[in-house]
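As a plain string of letters, each chain reads:
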Amino acid sequence: METIIQIHQLSKRFPVGNGEFTALNEVNLTFDKGEFTGLVGPSGSGKTTLLNIIGSLDAPSSGEVTVLGQSIAHLTHAQSAQLRNRHLGFIFQTYNLFPVYTVFENVEFALLLQHLPAAERRKAVMEALEWVGLTDKAQSRPAQLSGGESQRVAIARAMVKKPAIVLADEPTANLDSKNSHHILQTMLRLNQELQTTFLFATHDEKVMSYLRRIISLEDGRVVKDERIAAHSFIKSNS
Amino acid sequence: MIAIQLALKNILGAGWRSLLNIAVLSLAFVIILWHNGTIDGWNQQARKDTQEWEIGGGQLWHSAYDPLDPLSIQDAHAPLSADMTRLAGQGQLAPILAVQASAFPQGRMQGVLLKGIDPEQKVLKIPTEILQKNPDGALIGKRMAQALKLKTGDALLVRWRDSQGAFDALELNIAGIFDCNVPSIDAGQIWLPIERLQTMMNLPGEATLMVAASGFRPAETSPWVFQSEDVLLADLNTIIQSKKGSGAVLYGLLMIIALLAIFDTQVLSIFRRQREIGTYIALGMTRRQVIGIFTVEGSVYSILAIVLGALYGGPFLWYLAKYGWAMPTGGQDMGISISDRIYPVYGTGLVLGTIILVVIAATVVSFLPARKIARLNPTDAIKGKIQ
Ligand SMILES: Nc1ncnc2c1ncn2[C@@H]1O[C@H](COP(=O)(O)OP(=O)(O)OP(=O)(O)O)[C@@H](O)[C@H]1O
Ligand SMILES: [Mg+2]
């Protein structure tokens, strides 16, 4: 398997008052292409912080993080923006759709940044909306969507550029059980069809039941890293 | 390009708030054009009138002549040289003799200035041909006629001292009343054939000043001093500048209100749209690009304001330029030309300059709050954390 994320002795400290708070403490991990992996652990254990650093939204305090062969600590603003734009997809707990854009425009956004011609953008956006089953909502505004639909738009927005890695921070936290399963199955299908690596931060038991690797964090340390054989129920569900 | 599209969407998405900002800014835009256009139109008209009726292409003054000092007029006269007489005959110079006198309309006494001018002159627009037909008559302007309650055919008693200091008096016949916007050739002025006034004063062949025909630059020979158009129009320029300045206060205030509204909208929206900003960054924009989006929003505001202003202001401004509008009276006392109707003139420079001013100002007030984004932590912004 091809390694696409390499984390070596990563620590992240935040200044708090006069001192520092260690949110990640000497973390060592590698992720391969096509993983469907979750970071789990109690609140405050450092899951979001780790995802943010992998996503080059935050910088390591020490240690080395290499994403797709690029060292996160040494990227310029423009380089890390480029990395996110081309190769990383983000899905947030709060969906973070642009309220004034239509569903179509929300999904199209990343492609606009890539300066793709309109016809190609249109094709890719409609394909992504098909993946998540929302082609009929293309002209809706986020305010008109349910939570589940909003999160599916967010998935389409993350996936439309066919990124190597999708980072999803508590993607199901605001969804009911039915919608959560729907979303997870969608992501699992994309993971299998496009070989996209999915990395979750989650508390959610429902999410865990889909994961093929579970990394447990506690107080900024990796305390457990277990791999799970492929679930048989996925095929019957999807 | 993306930035403009996004800005447009964000502005349209914000609905009423945007419309209000755009409306106020467009109002400032239209009022700037209207006010400056009016003053420019007035300026052009006043210059044209003043040149045609009063100063021609410049004037040769007797060195003792000072129009602001009535006492100077008594001694400010000299004979024309042969050259000047020839030029006057050719219509290049119009000699004028000015004399202090007293008029007695309806038994009251009033100081006036008698002005002798060649009835055949074509240098100024004053209708002196009336004096050709009425060599014993006098011409006055409509303001003077109003002030002295005179009409054509009335008689007016005037008294003056001739060059030897002897008092003399005469009843003048008002042969014509002319209508012009230049107060300095109207208020307090009585126009006579110059030869008659020279006889009355016992100053044959003498003049106080000479008006040059447009485009003719006479030679200066002592005691004559040339006053160029620019010098003679200096007062007008001063008044125009001060009018522009006082108007700038009005629309400056409007501009400030509009710009504050945009500034306020931007500060608020950068605060409220933190999560959106964080998401832009997560989706691969640099912070500089995000600042660009917010800055361009200001420019797009201004462009929409200009479009809106053109929609309602265009017909309004065009109508005024075509049919003119009556300026509030009171300007008559300023001693410069004001016609009854002003026709605003909107020059390319004025229109372009105003557009550039509005666009730059709106862009700058949008950029100022957007700079904050450069210090924004994207991970906090994504969570919508308040800072
Ligand atoms: N910008 C920051 N400044 C100071 N401390 C921070 C900052 N960001 C995170 N922390 C701290 O780092 C620790 C880890 O935070 P993180 O958000 O990664 O936790 P988490 O595992 O995602 O928790 P949750 O499950 O509640 O989302 C927490 O104790 C948090 O208070
Ligand atoms: Mg978290």
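Look above for the structure.
Quick caveat: nothing in here was measured; it's all calculated off a predicted structure. Every chain begins its residue count from 1, and numbering advances along the sequence as written. Key to labels: chains lettered from A, ligands numbered from 1, both in the order written. At least 70 in pLDDT is required for a residue's local features to be given in this predicted model, at least 80 for side-chain atom pairs to be given and counted, and no such filter applies to totals for whole chains, interfaces and linings, which use all residues. Processing note: side-chain calculations cover all non-hydrogen atoms of the structure and skip hydrogens and water entirely.

A. Region of interest: the pairing of strand β3 (residues 93–104) of chain B. Residue and element names in this part refer to chain B. In terms of residue burial, β3 counts as a mostly covered element, since ten of its twelve residues are buried. Paired strands, as defined in this entry, are two strands with at least two bridges between them according to DSSP. For the purposes of this entry, the term helix denotes a DSSP run of H or I that reaches at least four residues, the term strand denotes a run of E that reaches at least two, and both are numbered from the N terminus. Judged from the four bridges that link them, β3 and strand β10 (residues 209–212) form a sheet pairing that is antiparallel. The residue bridging Pro95 from the neighbouring strand is Met210, located in β10. Here eight bridges tie β3 to strand β4 (residues 110–117), and the two strands are oriented antiparallel to one another. Along β4, the bridge assignment pairs Gln100 with Leu113. Between β3 and β4, which pair antiparallel and follow one another directly, the connecting turn spans five residues, one of which, Gln106, has a positive phi of 45°. Bridge analysis of β3 against strand β6 (residues 155–161) gives four bridges, and the strand direction is antiparallel. Within β6, the position partnered with Ala103 by the bridge is Val158. When accessible area is computed with a 1.4 Å probe and restricted to protein chains, residues below 20% of their type maximum are described as buried, those above 50% as exposed, and intermediate ones as partly exposed.

B. Representation of the pairing of strand β3 (residues 36–40) of chain A within the structure. All names here are of chain A. Where burial is concerned, most of β3 is hidden: five out of the five residues are buried. Here β3 shows two buried faces, one formed by Phe36, Gly38 and Val40 and the other by Thr37 and Leu39. Note: β3 against strand β8 (residues 197–201), four bridges, orientation parallel. When the sheet's bridge partners are listed, Thr37 is paired in β8 with Leu199.

C. Region of the structure containing the sheet that holds β8 of chain A. Residue and element names in this part refer to chain A. Taking strand neighbours across the sheet as the criterion, the six strands line up as β6-β7-β8-β3-β9-β10 in an open arrangement whose pairing is mixed. Edge strands, defined here as strands with exactly one partner in the open sheet, are β6 (88–91) and β10 (221–227). Strand after strand, the sheet turns through a mean of 15° between neighbouring axes, direction not considered. Two strands pair when backbone bridges link them, and β3 and strand β9 (residues 213–218) are joined in this way by four bridges, in the parallel orientation. What sits directly across from Leu39, in β9, is Ile215. Pairs of residues are marked as contacts when any of their non-hydrogen atoms sit within 4.5 Å. Lines fitted to C-alpha atoms define the axes, with helix axes restricted to the stretch in contact, and inter-axis angles between N-to-C directions lie between 0 and 180 degrees. Sheet contacts for helix α2 (residues 77–87): β6 and β7 (165–169); angle to β6, the most-contacted strand, approximately 80°.

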